[in-house]
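If you want the building blocks of each chain, they are given just below.
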Amino acid sequence: MRETEDGARALEAFLASVERKAFRIAQIALRHEADALDVVQDAMLQLSTRYGSRPTEEWKPLFYRILENRIRDVQRRRSVRNRVMALMPWRGGDEDETADALAQAVDGGPTPGTELESTEMLTALQRALEALPNRQRQAFLLRNFEGLDVAETAAAMRCSEGSVKTHYFRAVQALRGKLGDFRT
Amino acid sequence: MNAGTNQEQTGGSELERCTRALLVESTETLSGTVRSRLTQARHAALGARAARLRYRLQRWAPAGALAAAALALLVVFLPHTRPVPASAAITGSIDDIDLLTSDVPLSTDPEVDYSFYEWAAGAASGPTGAGQAAAASSGPTGS
């Protein structure tokens, strides 16, 4: 029983340590705050219920793998929905669709409470990251933002370490091309 | 490409440092609503885990208790249902009782002259009595 309590405490500490970064990663990928919160919640739930008994050092790659899967699910659903809606001559009356269209716009306006996003640099970075191909963005955010090493990133992305290095290198090159001499 | 790649993969370039700092800073300025939702999500996930563990315990506890009870019953009752092998000592003592209570002479050693003991017994119970018995005691000494 004591072991279970310790496990729960460790899991809570882990989730607290990754939740904000996970949210930002999801938000950049999905460009939608509510969807980002949903996928983070799903990832937390799945990690807790299915993989909570795994060794703690496996949690981070597992969590980000789940998160990436959830992000991809949402992107696929959107893609299918957009394709279907494009075939509908009467589209445009749905309130949800309007919200999604706004959310997907690159310049979607300020999201609640994210004051820093109004700054030029963060906006520029966010746009540049959003423009990256999925795999490059994943590799860049997991390595550079979350601080996973190459092996952990490879585990999270389910690819080889060589692929991670390649995606990361290309992401940095692309960001440099877009952002130029980027300094804080 | 190698030098650039190595530098970029170790997170050492200016671009990487700046982007990292900017992104980390952006997580610290998330709105209260988002932070609250994240906390709720975390608690929900932990609650779901606890509920799952409780469910597992409730599901398997009766089966475990039943198995333990069955094992205990086996341990307690299984040895008594088996026939107890008779030990050599018990068997021997029973044999001794048989020997002692039977009419067969205790010894059948061919070296012993049983006729002497028969004669001695006859002499002791006969008319000459004790004299013969005394003579007999200094007489034949067997075989």
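Cut-offs and rules
Residues numbered from 1 in each chain as written. Chains lettered and ligands numbered in written order. Predicted model: local features only at pLDDT ≥ 70, side-chain atom pairs only at ≥ 80, totals over all residues. Helix = DSSP H or I, 4+ residues; strand = E, 2+ residues; numbered from the N terminus. Buried ≥ 20, exposed ≤ 12 C-beta atoms within 10 Å, placed from the backbone. Contact = placed C-beta atoms within 7 Å. Core = buried A, V, L, I, M, F, W, Y, C linked by C-beta atoms within 7 Å. Nonpolar A, V, L, I, M, F, W, Y, C, P; charged D, E, K, R; others polar. Axes fitted to C-alpha atoms, helices over the stretch in contact; angles between N-to-C directions. Parallel < 35°, antiparallel > 145°, perpendicular 65-115°, else oblique. Expected span 1.5 Å × (residues − 1). Left-handed = near helix turned anticlockwise from the far one by under 90°. pLDDT = per-residue confidence, 0-100.

## Some details on the overall build of chain B
Turning to step 1, where the next piece is worked out: Counting secondary structure elements, chain B contains six helices and zero strands.
Turning to step 2, where the next piece is worked out: The secondary structure elements of chain B, listed N-terminal to C-terminal, are α-α-α-α-α-α.
Turning to step 3, where the next piece is worked out: Counting all 143 residues of chain B, 10% fall into the buried class.

## A few points about the overall build of chain A
Turning to step 1, where the next piece is worked out: On a plain count of helices and strands, chain A comes out with eight helices and zero strands.
Turning to step 2, where the next piece is worked out: Its helices and strands taken in sequence order, chain A reads α-α-α-α-α-α-α-α from the N to the C terminus.
Turning to step 3, where the next piece is worked out: Looking at chain A as a whole, 36% of its 184 residues are labelled buried.
Turning to step 4, where the next piece is worked out: Long-range contacts, defined as pairs at least 24 residues apart, comprise 60% of the intrachain contacts of chain A with a sequence gap of at least 6.

## Section: the nonpolar core
All names here are of chain A.
Turning to step 1, where the next piece is worked out: The biggest cluster of nonpolar side chains holds 48 residues, and the ones touching the most others in it are Ala26, Val40, Ala43 and Leu67.
Turning to step 2, where the next piece is worked out: Here this core takes ten residues from helix α1 (residues 2–30), the largest share from any one element.
Turning to step 3, where the next piece is worked out: Leave out the neighbours within four places in its chain, and Ala26 touches Ala36, Val39, Val40, Leu67 and Ile71.

## Some points on the interface of chain A and chain B
Turning to step 1, where the next piece is worked out: On the side of chain B, 35 residues touch chain A, which itself brings 40 residues to the contact.
Turning to step 2, where the next piece is worked out: Looking at the side of chain A that touches chain B, the elements that each hand over two or more residues are α1, α2 (33–51), α5 (120–131), α6 (134–145) and α8 (161–179) of chain A.
Turning to step 3, where the next piece is worked out: Broken down by element, the residue count for the side of chain A that touches chain B peaks at eleven residues, all from α1 of chain A.
Turning to step 4, where the next piece is worked out: Among the residues making up the side of chain A that touches chain B, the classes are represented as 21 nonpolar, nine polar and ten charged.

## Overview of the packing of helix α7 (residues 150–157) of chain A against α8 of chain A
Helix-helix packing is described using two parameters, namely the angle between the two axes and the distance between the axes.
Residues and elements named next belong to chain A.
Turning to step 1, where the next piece is worked out: Across the interface, α7 lies against α8 with an axial gap of 8 Å and an inter-helix angle of 95°. With respect to their mutual orientation, α7 and α8 come out roughly perpendicular. Of the residues in α8, those touching α7 at Val150, Ala151, Thr153, Ala154 and Met157 are Glu161, Val164 and Lys165.
Turning to step 2, where the next piece is worked out: Grouping the constituent residues of the contact of α7 with α8 by class yields five nonpolar, one polar and two charged.

## Here's the deal with α6 of chain A
Because an α-helix completes one turn every 3.6 residues, residues spaced three or four positions apart along the sequence face the same direction.
All names here are of chain A.
Turning to step 1, where the next piece is worked out: With twelve residues, α6 extends 15 Å between its outermost C-alpha atoms, agreeing within 8% with the 16 Å of an ideal straight helix rising 1.5 Å per residue.
Turning to step 2, where the next piece is worked out: When you tally the buried positions in α6, you get ten out of twelve residues, the bulk of the element.
Turning to step 3, where the next piece is worked out: For α6, the full list of buried residues reads Gln136, Arg137, Gln138, Ala139, Phe140, Leu141, Leu142, Arg143, Asn144 and Phe145.
Turning to step 4, where the next piece is worked out: Phi turns positive one or two residues past the end of α6, at Gly147, with a value near 85°.

## Some points on the environment of Ala154 of chain A
Residue and element names in this part refer to chain A.
Turning to step 1, where the next piece is worked out: Within the secondary structure, Ala154 sits in helix α7.
Turning to step 2, where the next piece is worked out: On the neighbour-count criterion, Ala154 (20 C-beta atoms within 10 Å) is buried.
Turning to step 3, where the next piece is worked out: The spatial distance from the C-alpha of Ala154 to the C-alpha of Lys165 is 9.2 Å, given a sequence separation of eleven residues.
Turning to step 4, where the next piece is worked out: Among residues more than four places away in sequence, those in contact with Ala154 are Cys159, Ser160, Glu161 and Val164.

## Describing unusual backbone geometry
Residues and elements named next belong to chain A.
Turning to step 1, where the next piece is worked out: Residues other than glycine seldom take positive phi values, yet Arg31 does so here, at roughly 55°.
Turning to step 2, where the next piece is worked out: Assignment of secondary structure puts Arg31 in the loop between α1 and α2.
Turning to step 3, where the next piece is worked out: According to the C-beta neighbour criterion, Arg31 is partly exposed, with 19 such atoms within 10 Å.
Turning to step 4, where the next piece is worked out: With a phi close to 50°, Arg158 is a non-glycine residue in the positive phi region.
Turning to step 5, where the next piece is worked out: As for its position among the elements, Arg158 is in the loop between α7 and α8.

## With respect to the packing of helix α3 (residues 59–87) of chain A against α7 of chain A
Residue and element names in this part refer to chain A.
Turning to step 1, where the next piece is worked out: Where α3 contacts α7, the two axes come as close as 7 Å, and the packing angle between them is 40°. By the angle between their directions, the pair α3 and α7 is classed as oblique. The crossing of α3 and α7 is right-handed. Between α3 and α7, the contacting residues are Lys60, Pro61, Tyr64, Arg65 and Glu68 on the first element and Glu152, Ala155, Ala156 and Met157 on the second.
Turning to step 2, where the next piece is worked out: In the contact of α3 with α7, the residues fall into five nonpolar, no polar and four charged.

## Here's the deal with the confidence of the model for chain A
All names here are of chain A.
Turning to step 1, where the next piece is worked out: Mean pLDDT over chain A: 83, with 80% of residues reaching 70 or higher.
Turning to step 2, where the next piece is worked out: Mean pLDDT across the secondary structure elements of chain A bottoms out at helix α4 (residues 95–104), with 48, and peaks at α6, with 94.
Turning to step 3, where the next piece is worked out: Contacts from residues 93–109, a stretch scored under 50 in pLDDT, to residues over four places away or in other chains number eleven contacts.
Turning to step 4, where the next piece is worked out: Per-residue pLDDT stays below 50 along residues 112–117; that stretch engages in 19 contacts with residues further than four places along the chain or on separate chains.

## Considerations on α2 of chain A
Turning to step 1, where the next piece is worked out: For α2 of chain A, spanning 19 residues, the distance from its first C-alpha to its last is 26 Å, which sits close to the expected 27 Å at 1.5 Å a residue.
Turning to step 2, where the next piece is worked out: Taken residue by residue, α2 of chain A has Glu33, Asp35, Ala36, Leu37, Val39, Val40, Gln41, Asp42, Ala43, Met44, Leu47 and Ser48 of chain A as its buried positions.

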